[in-house]
Amino acid sequence: MKKIGFLSFGHWSPSPQSQTRSASDALLQSIDLAVAAEDLGADGAYFRVHHFARQLGSPFPLLAAIGAKTSRIEIGTAVIDMRYENPLYMAEDSGAADIIAGGRLQLGISRGSPEQVIDGWRYFGYVPPEGQTDADMARRHAEVLLEVLRGEGFAQPNPRPMFPNPPGLLRIEPHSEGLRDRIWWGASSNATAAWAAKLGMNLQSSTLKDDESGLPFHVQQADQIRAFREAWKAAGHAREPRVSVSRSIFALVDDRDRAYFGYGNDNDDKIGFIDEKTRAIFGRSYAAEPDVLIEQLAKDEAIAEADTLLLTVPNQLGVDYNAHVIEAILTHVAPALGWR
(Lines give C-alpha, C1' and ligand atoms only; values in the text may rest on other atoms or scores of the structure.)
Protein backbone atom coordinates (compact mmCIF):
# COMPACT_ATOMS: atom_id res chain seq x y z
CA MET A 1 0.00 0.00 0.00
CA LYS A 2 1.13 3.50 -0.81
CA LYS A 3 -0.48 6.81 0.11
CA ILE A 4 -1.42 8.76 -3.03
CA GLY A 5 -2.18 12.48 -2.95
CA PHE A 6 -2.00 15.43 -5.25
CA LEU A 7 0.32 18.43 -5.27
CA SER A 8 -0.94 21.73 -6.68
CA PHE A 9 1.08 24.87 -7.32
CA GLY A 10 -2.16 26.86 -7.46
CA HIS A 11 -1.20 28.80 -10.59
CA TRP A 12 -3.70 31.37 -11.77
CA SER A 13 -3.71 33.45 -14.91
CA PRO A 14 -6.24 35.84 -16.50
CA SER A 15 -5.61 34.09 -19.84
CA PRO A 16 -8.76 32.88 -21.64
CA GLN A 17 -7.13 29.42 -21.84
CA SER A 18 -7.03 29.15 -18.04
CA GLN A 19 -9.90 27.91 -15.92
CA THR A 20 -8.18 29.46 -12.89
CA ARG A 21 -8.10 33.17 -13.66
CA SER A 22 -7.83 34.86 -10.26
CA ALA A 23 -6.52 34.36 -6.74
CA SER A 24 -10.11 33.66 -5.70
CA ASP A 25 -10.37 30.90 -8.30
CA ALA A 26 -7.08 29.37 -7.20
CA LEU A 27 -8.05 29.25 -3.52
CA LEU A 28 -11.65 28.12 -3.91
CA GLN A 29 -10.81 25.53 -6.56
CA SER A 30 -8.06 24.18 -4.30
CA ILE A 31 -10.67 23.55 -1.62
CA ASP A 32 -13.03 21.93 -4.14
CA LEU A 33 -10.28 19.67 -5.50
CA ALA A 34 -9.34 18.52 -2.00
CA VAL A 35 -12.98 17.61 -1.32
CA ALA A 36 -13.21 15.78 -4.66
CA ALA A 37 -9.93 13.93 -4.01
CA GLU A 38 -11.20 12.75 -0.63
CA ASP A 39 -14.41 11.51 -2.24
CA LEU A 40 -12.35 9.57 -4.81
CA GLY A 41 -10.34 7.84 -2.08
CA ALA A 42 -7.08 9.78 -2.44
CA ASP A 43 -4.96 10.20 0.68
CA GLY A 44 -3.54 13.73 0.50
CA ALA A 45 -4.05 17.30 -0.69
CA TYR A 46 -0.75 19.20 -0.81
CA PHE A 47 0.09 22.71 -1.97
CA ARG A 48 3.25 24.50 -3.07
CA VAL A 49 3.89 27.95 -1.58
CA HIS A 50 5.45 30.73 -3.69
CA HIS A 51 5.64 34.41 -2.76
CA PHE A 52 5.38 37.34 -5.18
CA ALA A 53 3.72 35.02 -7.70
CA ARG A 54 0.26 34.28 -9.08
CA GLN A 55 0.19 31.12 -7.02
CA LEU A 56 -0.63 30.07 -3.44
CA GLY A 57 1.34 32.32 -1.10
CA SER A 58 -0.50 32.08 2.24
CA PRO A 59 -1.12 28.42 3.05
CA PHE A 60 -2.70 28.42 6.49
CA PRO A 61 -6.11 29.93 5.68
CA LEU A 62 -6.34 27.44 2.81
CA LEU A 63 -5.28 24.47 4.95
CA ALA A 64 -7.74 25.42 7.68
CA ALA A 65 -10.58 25.77 5.17
CA ILE A 66 -9.84 22.36 3.67
CA GLY A 67 -9.62 20.89 7.16
CA ALA A 68 -13.11 22.18 7.92
CA LYS A 69 -14.56 20.80 4.65
CA THR A 70 -13.01 17.33 4.77
CA SER A 71 -12.77 14.56 7.35
CA ARG A 72 -10.15 12.02 6.29
CA ILE A 73 -7.64 13.28 3.72
CA GLU A 74 -4.18 14.45 4.80
CA ILE A 75 -3.63 18.17 4.21
CA GLY A 76 -0.17 19.51 3.61
CA THR A 77 2.39 21.72 1.96
CA ALA A 78 5.30 20.88 -0.32
CA VAL A 79 6.89 23.16 0.57
CA ILE A 80 6.90 26.36 2.64
CA ASP A 81 10.06 28.44 2.20
CA MET A 82 11.39 28.97 5.73
CA ARG A 83 13.43 32.02 4.73
CA TYR A 84 10.16 33.96 4.80
CA GLU A 85 8.72 32.60 8.04
CA ASN A 86 8.44 33.78 11.63
CA PRO A 87 8.61 30.35 13.32
CA LEU A 88 6.59 31.37 16.39
CA TYR A 89 3.75 32.85 14.36
CA MET A 90 3.96 29.81 12.10
CA ALA A 91 3.60 27.53 15.13
CA GLU A 92 0.39 29.34 16.10
CA ASP A 93 -1.07 29.18 12.58
CA SER A 94 -0.11 25.55 12.00
CA GLY A 95 -1.39 24.52 15.42
CA ALA A 96 -4.76 26.15 14.72
CA ALA A 97 -5.02 24.61 11.23
CA ASP A 98 -4.12 21.18 12.59
CA ILE A 99 -6.71 21.38 15.35
CA ILE A 100 -9.39 22.39 12.84
CA ALA A 101 -8.40 19.41 10.69
CA GLY A 102 -8.38 16.99 13.60
CA GLY A 103 -4.66 16.24 13.42
CA ARG A 104 -4.36 15.71 9.65
CA LEU A 105 -1.79 18.41 8.85
CA GLN A 106 1.43 17.28 7.13
CA LEU A 107 3.61 20.37 6.96
CA GLY A 108 6.37 20.35 4.35
CA ILE A 109 9.03 23.04 4.79
CA SER A 110 12.43 23.75 3.23
CA ARG A 111 15.20 26.28 2.67
CA GLY A 112 13.39 27.41 -0.48
CA SER A 113 14.22 27.68 -4.16
CA PRO A 114 14.80 30.62 -6.53
CA GLU A 115 11.85 33.00 -6.25
CA GLN A 116 10.16 35.65 -8.36
CA VAL A 117 12.15 38.54 -6.86
CA ILE A 118 15.71 38.97 -5.66
CA ASP A 119 16.10 38.08 -1.96
CA GLY A 120 12.35 38.28 -1.42
CA TRP A 121 12.69 37.32 2.23
CA ARG A 122 14.28 40.73 2.87
CA TYR A 123 10.96 42.40 2.06
CA PHE A 124 9.41 40.23 4.77
CA GLY A 125 11.89 41.62 7.28
CA TYR A 126 14.38 38.73 7.46
CA VAL A 127 18.13 39.13 6.98
CA PRO A 128 20.71 36.40 7.69
CA PRO A 129 23.05 37.14 10.59
CA GLU A 130 26.55 38.23 9.63
CA GLY A 131 28.58 35.36 8.26
CA GLN A 132 25.54 33.23 7.46
CA THR A 133 23.60 32.56 4.27
CA ASP A 134 19.88 32.67 3.58
CA ALA A 135 19.96 28.85 3.66
CA ASP A 136 21.45 28.97 7.18
CA MET A 137 18.65 31.36 8.17
CA ALA A 138 16.00 29.00 6.78
CA ARG A 139 17.41 26.04 8.69
CA ARG A 140 17.58 28.09 11.88
CA HIS A 141 13.93 29.12 11.47
CA ALA A 142 13.08 25.45 11.01
CA GLU A 143 14.94 24.45 14.17
CA VAL A 144 13.07 27.07 16.20
CA LEU A 145 9.76 25.86 14.78
CA LEU A 146 10.53 22.28 15.73
CA GLU A 147 11.49 23.32 19.24
CA VAL A 148 8.33 25.30 19.97
CA LEU A 149 6.10 22.59 18.45
CA ARG A 150 7.27 20.30 21.26
CA GLY A 151 4.79 22.15 23.42
CA GLU A 152 7.11 22.97 26.31
CA GLY A 153 6.95 26.32 28.06
CA PHE A 154 9.70 28.84 27.36
CA ALA A 155 8.22 32.34 27.85
CA GLN A 156 8.30 34.16 31.20
CA PRO A 157 4.71 34.92 32.30
CA ASN A 158 3.60 38.39 33.32
CA PRO A 159 3.11 38.51 37.13
CA ARG A 160 -0.02 40.63 36.55
CA PRO A 161 -1.59 39.08 33.42
CA MET A 162 -4.88 40.12 31.88
CA PHE A 163 -6.11 36.51 32.25
CA PRO A 164 -4.97 33.82 34.71
CA ASN A 165 -1.97 31.78 33.52
CA PRO A 166 -1.25 28.10 34.10
CA PRO A 167 1.77 27.53 36.34
CA GLY A 168 5.29 27.73 34.94
CA LEU A 169 6.66 29.06 31.69
CA LEU A 170 4.21 29.59 28.85
CA ARG A 171 4.19 27.94 25.42
CA ILE A 172 2.79 28.88 22.03
CA GLU A 173 -0.96 28.35 21.85
CA PRO A 174 -2.88 26.65 20.43
CA HIS A 175 -0.67 23.60 20.78
CA SER A 176 -1.59 20.61 18.61
CA GLU A 177 -0.29 17.36 20.04
CA GLY A 178 1.58 15.26 17.50
CA LEU A 179 2.18 17.98 14.92
CA ARG A 180 5.92 17.93 15.65
CA ASP A 181 6.05 14.42 14.17
CA ARG A 182 4.27 15.58 11.01
CA ILE A 183 6.86 18.10 9.84
CA TRP A 184 8.62 17.22 6.56
CA TRP A 185 11.76 18.70 5.04
CA GLY A 186 12.04 19.23 1.29
CA ALA A 187 15.61 18.13 0.56
CA SER A 188 17.44 18.60 -2.73
CA SER A 189 20.69 16.91 -1.67
CA ASN A 190 21.68 13.77 0.18
CA ALA A 191 23.34 15.84 2.91
CA THR A 192 20.23 17.88 3.70
CA ALA A 193 18.16 14.69 3.72
CA ALA A 194 20.50 13.28 6.37
CA TRP A 195 20.31 16.57 8.32
CA ALA A 196 16.50 16.38 8.28
CA ALA A 197 16.62 12.80 9.55
CA LYS A 198 18.82 13.76 12.49
CA LEU A 199 16.26 16.40 13.51
CA GLY A 200 13.39 13.92 13.25
CA MET A 201 11.66 15.38 10.21
CA ASN A 202 10.05 13.31 7.48
CA LEU A 203 11.44 13.63 3.94
CA GLN A 204 9.89 15.23 0.89
CA SER A 205 11.77 14.79 -2.38
CA SER A 206 10.40 16.46 -5.49
CA THR A 207 10.94 16.18 -9.23
CA LEU A 208 14.36 17.84 -9.02
CA LYS A 209 17.45 17.32 -6.89
CA ASP A 210 21.11 18.17 -6.91
CA ASP A 211 22.91 16.10 -9.55
CA GLU A 212 25.36 14.31 -7.26
CA SER A 213 26.32 11.23 -9.27
CA GLY A 214 25.28 11.59 -12.91
CA LEU A 215 22.93 8.62 -12.57
CA PRO A 216 19.28 8.76 -13.70
CA PHE A 217 17.05 10.95 -11.55
CA HIS A 218 15.00 8.16 -9.99
CA VAL A 219 18.18 6.28 -9.02
CA GLN A 220 19.71 9.36 -7.38
CA GLN A 221 16.46 10.02 -5.56
CA ALA A 222 16.30 6.43 -4.31
CA ASP A 223 19.87 6.80 -3.04
CA GLN A 224 18.83 9.98 -1.24
CA ILE A 225 15.93 8.19 0.44
CA ARG A 226 18.20 5.37 1.58
CA ALA A 227 20.71 7.90 2.97
CA PHE A 228 17.85 9.56 4.84
CA ARG A 229 16.71 6.28 6.37
CA GLU A 230 20.25 5.35 7.39
CA ALA A 231 20.66 8.72 9.14
CA TRP A 232 17.26 8.28 10.81
CA LYS A 233 18.27 4.89 12.18
CA ALA A 234 21.60 6.26 13.39
CA ALA A 235 19.81 9.08 15.22
CA GLY A 236 17.81 6.52 17.22
CA HIS A 237 14.34 8.00 16.73
CA ALA A 238 11.53 5.87 18.18
CA ARG A 239 9.02 6.19 15.33
CA GLU A 240 9.25 5.21 11.68
CA PRO A 241 9.84 8.11 9.27
CA ARG A 242 7.75 8.93 6.24
CA VAL A 243 9.01 9.73 2.75
CA SER A 244 7.18 11.29 -0.19
CA VAL A 245 8.15 11.80 -3.79
CA SER A 246 6.26 13.86 -6.36
CA ARG A 247 5.72 13.00 -10.01
CA SER A 248 3.84 14.30 -13.04
CA ILE A 249 1.87 11.20 -14.08
CA PHE A 250 -1.00 11.12 -16.57
CA ALA A 251 -2.91 8.01 -17.60
CA LEU A 252 -4.15 8.51 -21.15
CA VAL A 253 -7.65 7.07 -20.90
CA ASP A 254 -9.69 9.45 -23.08
CA ASP A 255 -9.37 12.01 -25.86
CA ARG A 256 -8.87 14.89 -23.42
CA ASP A 257 -5.84 13.17 -21.88
CA ARG A 258 -4.35 12.45 -25.29
CA ALA A 259 -4.93 16.03 -26.44
CA TYR A 260 -3.28 17.51 -23.33
CA PHE A 261 -0.47 15.04 -22.62
CA GLY A 262 -0.17 12.59 -25.48
CA TYR A 263 2.67 14.42 -27.19
CA GLY A 264 5.43 12.41 -25.45
CA ASN A 265 8.06 15.14 -25.23
CA ASP A 266 9.03 14.76 -21.55
CA ASN A 267 10.23 11.15 -21.45
CA ASP A 268 13.80 11.91 -20.35
CA ASP A 269 15.48 13.53 -17.36
CA LYS A 270 16.85 17.02 -17.89
CA ILE A 271 19.94 18.76 -16.51
CA GLY A 272 19.95 22.43 -15.53
CA PHE A 273 21.10 24.94 -12.93
CA ILE A 274 18.77 26.23 -10.20
CA ASP A 275 21.39 28.86 -9.37
CA GLU A 276 24.88 29.74 -10.59
CA LYS A 277 26.50 27.04 -8.42
CA THR A 278 24.05 24.15 -8.27
CA ARG A 279 23.74 21.63 -11.08
CA ALA A 280 20.36 19.93 -10.80
CA ILE A 281 18.67 16.97 -12.43
CA PHE A 282 14.97 17.24 -13.25
CA GLY A 283 12.93 14.04 -13.35
CA ARG A 284 10.90 13.04 -16.36
CA SER A 285 7.12 13.19 -16.67
CA TYR A 286 5.01 10.10 -17.29
CA ALA A 287 2.13 10.13 -19.78
CA ALA A 288 0.98 6.94 -21.46
CA GLU A 289 -1.80 4.40 -21.79
CA PRO A 290 -2.35 2.67 -18.41
CA ASP A 291 -0.64 -0.61 -19.36
CA VAL A 292 2.48 1.24 -20.57
CA LEU A 293 2.39 3.54 -17.54
CA ILE A 294 2.30 0.58 -15.16
CA GLU A 295 5.39 -0.91 -16.80
CA GLN A 296 7.26 2.43 -16.66
CA LEU A 297 6.39 3.24 -13.06
CA ALA A 298 7.36 -0.24 -11.87
CA LYS A 299 10.94 0.66 -12.83
CA ASP A 300 11.02 3.93 -10.85
CA GLU A 301 13.25 3.08 -7.88
CA ALA A 302 12.39 6.19 -5.85
CA ILE A 303 8.64 5.64 -6.04
CA ALA A 304 9.25 2.11 -4.80
CA GLU A 305 11.27 3.45 -1.85
CA ALA A 306 8.67 6.06 -0.79
CA ASP A 307 5.53 5.47 1.23
CA THR A 308 3.74 8.50 -0.27
CA LEU A 309 3.36 9.60 -3.89
CA LEU A 310 2.21 13.13 -4.73
CA LEU A 311 0.75 13.63 -8.20
CA THR A 312 1.48 17.11 -9.52
CA VAL A 313 -1.71 18.38 -11.13
CA PRO A 314 -2.25 21.01 -13.85
CA ASN A 315 -4.61 23.07 -11.73
CA GLN A 316 -5.42 25.61 -14.46
CA LEU A 317 -7.30 22.88 -16.34
CA GLY A 318 -10.01 23.01 -13.67
CA VAL A 319 -11.31 20.93 -10.79
CA ASP A 320 -13.27 18.41 -12.86
CA TYR A 321 -10.36 17.51 -15.11
CA ASN A 322 -7.88 17.27 -12.23
CA ALA A 323 -10.26 15.02 -10.32
CA HIS A 324 -10.34 12.85 -13.45
CA VAL A 325 -6.51 12.77 -13.51
CA ILE A 326 -6.42 11.58 -9.90
CA GLU A 327 -9.21 9.04 -10.41
CA ALA A 328 -7.49 7.57 -13.48
CA ILE A 329 -4.34 6.83 -11.47
CA LEU A 330 -6.29 5.40 -8.54
CA THR A 331 -8.44 3.22 -10.81
CA HIS A 332 -6.27 2.18 -13.75
CA VAL A 333 -2.70 2.24 -12.39
CA ALA A 334 -2.42 1.98 -8.60
CA PRO A 335 -4.02 -1.50 -8.16
CA ALA A 336 -1.73 -3.12 -10.73
CA LEU A 337 1.36 -1.76 -8.93
CA GLY A 338 0.18 -2.90 -5.50
CA TRP A 339 -0.42 0.66 -4.32
CA ARG A 340 -4.07 -0.14 -3.64
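Whatever comes next refers back to the structure up there.
Procedures and definitions
Residues numbered from 1 in each chain as written. Predicted model: local features only at pLDDT ≥ 70, side-chain atom pairs only at ≥ 80, totals over all residues. Heavy atoms only, no water. Core = buried A, V, L, I, M, F, W, Y, C linked by side-chain atoms within 4.5 Å. Buried < 20%, exposed > 50% of the residue type's maximum accessible area, 1.4 Å probe, protein only. Helix = DSSP H or I, 4+ residues; strand = E, 2+ residues; numbered from the N terminus. Contact = heavy atoms within 4.5 Å. Salt bridge = Lys/Arg side-chain N within 4 Å of Asp/Glu carboxyl O. 1 Å grid on protein atoms, 1.4 Å probe; cavity = no way out; pocket = protein on both sides within 12 Å on 5 of 7 lines; lining within 4 Å. Points joined across faces, edges and corners; volume = space filled by probe spheres on them. Nonpolar A, V, L, I, M, F, W, Y, C, P; charged D, E, K, R; others polar.

A.B. asks: Tell me what's going on with the nonpolar core, and back it up with residues and numbers.
C.D. replies: In this structure, F6, L107, I109, W185 and L293 are the most contacted members of the largest nonpolar core, which totals 76 residues. Sorting elements by how many residues they give to this core places helix α11 (residues 319-333) first, with seven residues. With residues up to four places along the chain from it excluded, the contact list for L107 reads F60, L63, T77, I80, M90, S94, R182, I183 and W184.

A.B. asks: Provide a residue-level description of the pattern of salt bridges, including the pertinent values.
C.D. replies: Scanning all chains against the criterion turns up 26 salt bridges. The shortest N-O distance in the salt bridge between D211 and R279 comes to 2.8 Å. Pair noted here: D211 is in the loop between β7 (208-210) and α7 (217-235) and R279 is in strand β11 (residues 279-282), with a separation of 68 residues, a long-range link. Where R242 meets D307, a salt bridge forms, and the shortest distance between an N and an O atom there is 3.3 Å. Here R242 is found in the loop between α7 and β8 (243-247), whereas its partner D307 is found in the loop between α10 (301-305) and β13 (308-312), with 65 residues between them in sequence. Salt bridges sharing partners connect three or more residues here, namely D223, R226, R229, E301 and E305.

A.B. asks: Explain the side chain of H51 residue by residue, including any values.
C.D. replies: Structurally, the position occupied by H51 is in the loop between β2 (44-47) and α2 (59-69). Look at H51 and you get buried, because its relative accessible area is 8%. Contacts of H51, omitting those with residues within four sequence positions, involve G57, Y84, E85, E115, Q116 and F124.

A.B. asks: How would you summarise empty space enclosed by the protein if you had to cite specific residues and measurements?
C.D. replies: Inspection of every chain in the model, using the stated rule, returns four cavities of 30 Å³ or more. Looking at the largest cavity, the residues that line it are S8, G10, T20, D25, A26, Q29, S30, L33, N315, G318, V319 and N322. Of all elements in the fold, only α1 (23-40) and α11 reach the threshold of two or more residues within the lining of the largest cavity. When residues of the lining of the largest cavity are assigned to their parent elements, the largest contribution, five residues, is made by α1. Partitioned by chemical class, the residues of the lining of the largest cavity number three nonpolar, eight polar and one charged. Put simply, the second largest cavity is a space of about 60 Å³. Lining the second largest cavity are A91, G95, V148, L149, I172, P174, H175, S176 and L179.

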